Amino acid sequence: MNALASFAPILVLSLGSLGYLLGTKTIEKLRIGAALAAILIAVAAWFSVGLVESAPVVRYGLSITSFSKLMCLVACCGAFVSVIATASSLEKEGITTVSEYYYLTISSLCGALIMIFASDFLTLFIGVEVASLALYCLCGARVTSRRSSEASMKYFLLGCFSSACLLYGIAAWYGATGSLVIAKSNALIAHGPLMALSFILILVGIAFKIGLAPFHFWVPDVYQGSPTSVTTFMSCVVKVAAVAALVKISSSAFGYSEIWSSGSLWILSMVAMTVGNLAALQQKSVKRMLAYSSVAQAGYMMIGLAVAGQGTGSIAATIFYLMTYCAMTVGAFGVLSVMGPDVDDVQDLRGLSKRSPFLALAMTLFFLGLAGLPPSLAGLMGKVYLFSSAIAAKYYGLAIVAALNSALACAYYVRVPIAIYFQPSDGASRVTVSRGAVLALAACAVAVVVFGLLPETLLVAAREAAAAVGRS
Amino acid sequence: MTTAWPPLSALIAIPACAGILCLLPWFSRERDTGARMCKLWAIFASGLTLVVLLAMATAATSQPGSYFNIEEARMWIPSWGVAFHLKLDGLSFPFAILTTIISLLVIAWSGRPATAGAGWYASVLLGEASVLGAFLATDLVLFYVFYELMLLPVLAAMALWGGARRLQASLKFLLYTMVGSVLMFVAILYIGYRGMNLLGHHGFAFDISSLATLPRLSFPEQVALGICFLVAFGVKIPAFPLHGWLADTYREAPHGTAAFTAALLGKVGIYAIIRFVWPLFPDLMQSAGPILAAIGSIGIVYGALLALTQRDIRSLLAYSSLSHLGFCVLGLASASELALTGSVFQAVSHGFVTAGLFLVFGAIMDREGATDFDGLGGLAKKIPVTAFFLMVLSIAAVALPLTSSFVGEFLIIMGSWRSFPGWTVIAMGGVVLGAVYTLTAYLRTMFGPAKDAVPLRRADLRGGDALVLATLVAVVVALGVFPGRALSVIESAVSLQVEDARSDGRASPSREFLRQGAHARSVGCDEGRYQHCHAVVNRVGS
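Here the structure is a predicted model, which is why all the values come from computation and not from measurement.

Participant: How should I be thinking about the overall build of chain A in this particular structure?
Facilitator: A tally of helices and strands in chain A yields 23 helices and two strands. The C-alpha radius of gyration computed for chain A amounts to 21 Å, which stays within 12% of the reference 23 Å derived for 472 residues, consistent with globular compactness. Expressed along its principal axes, the backbone C-alpha trace of chain A runs to roughly 70 × 55 × 40 Å. Out of the 472 residues in chain A, the part that is buried amounts to 66%. Across chain A, every contact between residues at least 6 apart in sequence was considered, and the portion connecting residues at least 24 apart equals 80%. Accessible area of chain A: about 15700 Å², with a carbon and sulfur share of 68%. The positive charge centre, built from 27 side chains, and the negative charge centre, built from 17, are 4 Å apart in chain A.

What follows is the structure in structure tokens.
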């Protein structure tokens, strides 16, 4: 394989995104712009699948392993579905600058892929910045809405802060080890306070991006204020990239540091899930509820990372959960996006079963999946995997708190299906759904059920990926 | 093992597929036109399930001397060692037959909620499928999936077509059961992980048939994990201090759903304690026996006392359920085969009786437009057919001889007497109270001054509904008069579940035997092994 090939997905996206800047009239048309974005993402995904090699490759700051390939595929699938599902809602949101919108979307995805493939901290940082800068602008894409501008500003300021943390941590790492490569070989070199400082700063920087409590304050405002189409994209792609980065870091020297191997990260996990769920309980807005739920879900995902030091294959559980979570969150935000920008309160979903039976069924499946209830078995299976890996690592307290949290979470997740099916609407009209959105959302809904009914393929993929990270 | 065609999963697949088909009219704009077709279709599907179940049982027991056991096993998630393993034996058969009959009757009953269309039949059919799944599954994860799944159709029916406070009631029901069951979920994972370590294969071990071959859990483990299981099932049954959801649920649910819930959902808890808790936590169950007996007996008396003070009809039925199920809990407390068999028998009998009571009182309430006893009176002359069926069902609820409840409660009292004489005496006090409130309820409804203006003999039971109640009454009486065959089937299966506990810490014959065969562990068990086990049990028993 030549050198170019390992860059292929990133190259496709970054070159393709330039096409939007040509500014021709054709590309300004919504359908063509969206179709082009979907094609670009599909080609990138196809290239990422095509990066098959017997041995993992690390060069030019990128590492092509089965882990990064899988994460790249997940991010591309999430982006693909969210672009198709939300294309028709751009008009409703009042976003007229189609070419810029998709330019930023593709750039952001490109940054996320750089984060996923990065093999050294500098590349990782570049990825973080590329992904974030594009998203700061996207969040403010509804130029007429004050909320959207506020979200953009808030995300930008807090994002800068987290980037600064990350960069400072990277500098400390370089000072301690004399290298920027994310690897465990230099673990032997340094154990001093500089390493600890570096680890904490990098962890904080990444935790900001994932939206882990107590670094989650931007999440509800940004998720709510941004155009829903952007939230759909962000909730999946950013989370995948940031969790992938954290998994990678866990395989570096940090993974063997005292903080990690003593498993004190479980506190972070527990705080995130509890804070997220308690806050979500009090929300009236569906978007804010989903935002806090994403904090809690990130907490669940942290279980696998927190107990990774015990060597029980828990990283695979995190990867599996991440995949199932993406299908659910893209679906849930996708439904909201299709319903238009005025839908915010849970009450706005009342009577959806009559207004659009398809959206009602899909939304119910996504929320049951997030709650971990059948028939959306994907959520339940993800929890089986995470909780059992916590038990295998003998973190019984963590497993029990997580289980109680998932019972608590049911209390707010079911409010949405209840509103959809059991509360009459006050005369709102039928919701029209474009054909692309139907296909995209149906794909998510099928995934949420099938990932749970027949999880074996995904489990094997997750285990292979985890093995490639070297922390299986 | 008897392999049969159709496979056991047909029992789940038939109602599930039929239920999903019934959902289709939901998506069309005109929902009500399909409802009548759906009723016929649902009757056909649930009747077919019943026929298939009976055919399987007949085929399995036709050869003399063979142990009644049909299994179906295939790998579901190989990475975790989760199996799709179903088992129909003397323990699950009574519950399966209860489920199929009750579902058929609830579907055939004309009292569909006024606003419900085809979705009503879908909810009953999907409920039937998931409850059957819970009764048949032997893999703990599979069981857990069905256990959670069976809530949804019931909750949906309740939240769609229930009373004024239906949403609060269904949310309360959901939260009670969720909090109860998530801890069991963690306990299941722990057990699976331990099984993986002990069996030394790559996946977890969740299948009860292989878990039963492992050495016992240590006592502290049994206490910690067993309590998680018992709390989950205690909420479901419900047992005494965990019954907070009970009255609200039964008051707000549509009559058919209340009958379905009261007759079936709680029985899963009783079944699961015998199927899973006794074999997994024998030491805990032995030492916690007095506590369980206390919970059962207190539940009997407490439920009866509450029932005495109720003016609302469905609250009375709810608390009388609590009281009658207290007997089942008492029966589960000791390793006595007599008491356990009685417990299963009582659970099934209570299912039939209470479903009947909910349906009859539902019909009366719909006719009179009243929900409490103050609005009723003097109905015996106006609706004599209803009065007759209510009479028989009340007699059965009081557990007079020649009804199935008598057999169940008698066996439980006989079996528990030796272990817990004090609590058994208290339980017998509950029987007397039960007679008082049941017969008072009958008197207040059927005799005394009439309080309604509905003309004579109108709106009495129609042909189809009378047939439904006649079937229930026939089953209750038949089980009461000829309990012998049913009891022997139940007893042989139940004794397998507790013989390990009865062996008092010594390695029990069947566990020892199963352990020998564990190297060649397969998900199912072969015929020879089971016949051997059965022979061993007979030897131990005699």
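There's plenty left to go through after this.
Participant: What is the right way to look at the overall build of chain B in this model?
Facilitator: Within chain B one finds 22 helices and two strands. When the 542 residues of chain B are sorted by exposure, 64% land in the buried category. Considering only contacts within chain B whose residues lie at least 6 apart along the sequence, 80% involve residues at least 24 apart.

Participant: When you look at the interface of chain A and chain B in this model, what are you seeing that I'm missing?
Facilitator: The accessible area lost on association of the parts is a frequent measure of interface size. Taken residue by residue, the interface counts 41 residues in chain A and 32 residues in chain B. Viewed at the interface, chain B and chain A are joined by zero salt bridges. The tally of links between chain A and chain B comes to four residue pairs in polar contact (both at pLDDT 80 or more). Those elements giving two or more residues to the side of chain A that touches chain B turn out to be α17 (352–355), α18 (357–371), α19 (377–392), α20 (396–413), α21 (415–422), α22 (435–453) and α23 (456–469) of chain A. With ten residues, the single largest contributor to the side of chain A that touches chain B is α19(A).

Participant: Honestly, the pairing of strand β1 (residues 69–77) of chain B in this entry has me stumped. Any pointers?
Facilitator: Two faces make up the sheet, and in a regular strand the side chains alternate between them. Where β1(B) meets strand β2 (residues 82–89) of chain B, eight bridges bridge the pair, whose relative direction is antiparallel. Residue pairing in the sheet places B:Glu72 in a bridge with B:Leu86 of β2(B).

Participant: What exactly am I supposed to notice about empty space enclosed by the protein here?
Facilitator: A water-sized probe, rolled over the atoms, reveals where empty space remains. Residue and element names in this part refer to chain B. Inspection of every chain in the model, using the stated rule, returns 15 cavities of 30 Å³ or more. In this structure, the second largest cavity occupies an estimated 170 Å³ of space. The wall of the second largest cavity is formed by 20 residues, among which Ser320, His324, Leu357, Ala397 and Thr438 lie closest to the centre. Within the residue set of the lining of the second largest cavity, elements represented by two or more residues are α14 (313–332), α15 (337–368), α16 (384–398), α17 (404–419) and α18 (421–446). Per-class residue counts for the lining of the second largest cavity are nine nonpolar, ten polar and one charged.

Participant: What am I meant to see in the nonpolar core here?
Facilitator: Side chains of nonpolar character tend, in soluble globular proteins, to be buried together. The biggest cluster of nonpolar side chains holds 391 residues, and the ones touching the most others in it are A:Tyr102, A:Ile319, A:Leu349, B:Phe143, B:Phe229 and B:Phe352. Looking at this core, the element that brings in the most residues is helix α16 (residues 314–339) of chain A, giving 19 residues.

Participant: Where do I start with the pattern of salt bridges in this structure?
Facilitator: It is possible for side chains of opposite charge to pair when their charged atoms get near one another. Applying the stated rule across the entire model yields eleven salt bridges over all chains. Two residues, A:Arg142 and A:Glu93, come together in a salt bridge whose shortest N-O distance is 3.8 Å. One end of the pair, A:Arg142, is in the loop between α8 (121–139) and α9 (146–177); the other, A:Glu93, is in helix α6 (residues 89–93), with 49 residues separating them in the sequence. With a relative accessible area of 19%, A:Arg142 lands in the buried category. Of the charged contacts, one joins B:Asp89 and B:Arg275 as a salt bridge, the two residues approaching to 2.9 Å between their closest N and O atoms. Placement of B:Asp89 in strand β2 and of B:Arg275 in helix α11 (residues 255–280) is noted, with a sequence separation of 186 residues between them. Assessed through its relative accessible area of 2%, B:Asp89 is described here as buried. Looking at B:Arg275, the relative accessible area reads 1%, which means it is buried. Among the charged side chains, a salt-bridge network with shared partners connects A:Lys154, A:Asp221 and A:Arg288.

Participant: Looking at this model, I keep getting lost on the side chain of A:Ser152. Mind explaining?
Facilitator: Residue and element names in this part refer to chain A. Along the chain, serine 152 falls in helix α9. Exposure remark for serine 152: the relative accessible area of 16% places this residue in the buried category. For serine 152, the residues in contact, after removing those within four places along its chain, are Tyr136, Cys139 and Gly140.

Participant: What is the right way to look at the layout of surface pockets in this model?
Facilitator: Its volume calculated, the largest pocket comes out at about 1800 Å³. Residue lining of the largest pocket: 50 residues in total, with A:Pro374, A:Pro375, B:Leu126, B:Leu149 and B:Leu152 positioned closest to the centre. Looking at which element gives the most residues to the lining of the largest pocket, the answer is helix α1 (residues 9–27) of chain B, with ten residues. Of the residues assigned to the lining of the largest pocket, the class counts are 42 nonpolar, six polar and two charged.

Participant: Quick question: what am I supposed to make of the packing of helix α15 (residues 286–306) of chain A against α20(A) here?
Facilitator: A packed helix pair is summarised by two numbers, namely the angle formed by the two axes and the spacing between the axes. Residues and elements named next belong to chain A. It is the contact of α15 with α20, at a shortest axis distance of 11 Å, that shows an interaxial angle of 160 degrees. Taken together, α15 and α20 sit at an angle that is classed as roughly antiparallel. Crossing of α15 against α20: the hand is left-handed. Listed contacts from α20 to Met289, Ser293, Gln297, Tyr300 and Ile303 of α15 are Leu398, Ala402, Asn405, Ser406, Ala409, Tyr412 and Tyr413. Of the residues contributing to the contact of α15 with α20, the split by class is eight nonpolar, four polar and no charged.

Participant: Explain the packing of aromatic side chains here, please?
Facilitator: Each aromatic ring pair is described using two quantities: the centre-to-centre distance and the angle formed by the ring planes. All names here are of chain A. Within the structure shown, the criterion is met by 40 aromatic pairs over all chains. Both rings, one in tyrosine 136 and one in phenylalanine 156, keep their centres 5.3 Å apart while their planes meet at 80 degrees; by these two values the pair is edge-to-face. Taken together, the residues tyrosine 136 in helix α8 and phenylalanine 156 in helix α9 connect sequence positions 20 residues apart. Residue classification places phenylalanine 156 among the partly exposed residues on the basis of a relative accessible area of 32%.

Participant: What's the story with unusual backbone geometry in this structure? I'm lost.
Facilitator: Leaving glycine out, the prevailing phi sign among residues is negative, and the prevailing peptide bond configuration is trans. For the bond running from A:Ala213 to A:Pro214, omega is 5 degrees, close enough to zero to count as cis. You can see A:Pro214 is positioned in the loop between α10 (193–210) and α11 (218–225). For B:Ala399, which is not a glycine, the phi torsion comes out positive at approximately 70 degrees. Mapping B:Ala399 onto the fold places it in the loop between α16 and α17. Even without being glycine, B:Leu402 reaches a positive phi, approximately 75 degrees. Looking at where B:Leu402 falls in the secondary structure, it is placed in the loop between α16 and α17. For B:Leu402, a relative accessible area of 56% gives the class exposed.

Participant: I tried to follow the packing of α11(B) against α15(B) on my own but got confused; where do I start?
Facilitator: Residues and elements named next belong to chain B. At a closest axis distance of 7 Å, the pairing of α11 and α15 adopts a crossing angle of 170 degrees. Between α11 and α15, the angle is such that the two are roughly antiparallel. Partitioned by chemical class, the residues of the contact of α11 with α15 number 14 nonpolar, seven polar and two charged.

Participant: Would you mind showing me how to read the side chain of B:Glu148 here?
Facilitator: When you line up the elements, B:Glu148 lands in helix α5 (residues 140–149). Looking at B:Glu148, its side chain comes within polar contact range of the side chain of B:Ser181, at 2.7 Å. Every residue in contact with B:Glu148, bar those within four places of it in the chain, is listed here: A:Leu373, A:Pro374, B:Met178 and B:Ser181.

Participant: Can you help me understand α15(A) in this one?
Facilitator: Along an α-helix, a turn takes 3.6 residues, which lines up residues three or four apart on a common side. All names here are of chain A. Along its 21 residues, α15 runs 30 Å from first to last C-alpha, staying within 8% of the 30 Å computed at 1.5 Å per residue. A large share of α15 lies buried, amounting to 21 of its 21 residues. Two or three places before lysine 287, at the opening of α15, serine 285 has a side-chain oxygen 3.3 Å from that residue's backbone nitrogen.

Participant: I would appreciate a short explanation of a nonpolar patch on the surface in the present structure.
Facilitator: Residues and elements named next belong to chain B. Together, Leu21, Leu24, Trp41, Phe44 and Leu48 line one region of the surface with nonpolar side chains, adding up to about 460 Å² of accessible area. Ranked by residue count, the leading element in the nonpolar patch is helix α2 (residues 33–62), at three residues. Examined against the element boundaries, phenylalanine 44 turns out to sit in helix α2.

Participant: What am I meant to see in helix α6 (residues 151–161) of chain B here?
Facilitator: Of all eleven residues making up α6(B), eight are buried, and the element is well covered by its neighbours. Every buried residue belonging to α6(B) is among B:Leu151, B:Pro153, B:Val154, B:Leu155, B:Ala157, B:Met158, B:Ala159 and B:Trp161, and all of these are buried.

Reading the values: rules and limits
Residues numbered from 1 in each chain as written. Chains lettered and ligands numbered in written order. Predicted model: local features only at pLDDT ≥ 70, side-chain atom pairs only at ≥ 80, totals over all residues. Heavy atoms only, no water. Helix = DSSP H or I, 4+ residues; strand = E, 2+ residues; numbered from the N terminus. Rg over C-alpha atoms; globule rule 2.2 N^0.38 Å. Buried < 20%, exposed > 50% of the residue type's maximum accessible area, 1.4 Å probe, protein only. Contact = heavy atoms within 4.5 Å. Areas by Shrake-Rupley, 256 points an atom, 1.4 Å probe, with all protein chains shown as cover. Lys, Arg positive; Asp, Glu negative; His and termini not counted. Charge placed at Lys NZ, Arg CZ, Asp CG, Glu CD. Salt bridge = Lys/Arg side-chain N within 4 Å of Asp/Glu carboxyl O. Polar contact = N/O pair within 3.5 Å; in protein donor to acceptor, adjacent residues only side chain to side chain. Pairing = 2+ DSSP bridges. 1 Å grid on protein atoms, 1.4 Å probe; cavity = no way out; pocket = protein on both sides within 12 Å on 5 of 7 lines; lining within 4 Å. Points joined across faces, edges and corners; volume = space filled by probe spheres on them. Nonpolar A, V, L, I, M, F, W, Y, C, P; charged D, E, K, R; others polar. Core = buried A, V, L, I, M, F, W, Y, C linked by side-chain atoms within 4.5 Å. Axes fitted to C-alpha atoms, helices over the stretch in contact; angles between N-to-C directions. Parallel < 35°, antiparallel > 145°, perpendicular 65-115°, else oblique. Left-handed = near helix turned anticlockwise from the far one by under 90°. Phe/Tyr/Trp six-rings, centres within 6.5 Å; stacked < 30°, edge-to-face > 60°. Expected span 1.5 Å × (residues − 1). Patch = residues over 30% accessible without salt bridge, like charges linked within 9 Å, V, L, I, M, F, W, Y side chains within 5 Å.

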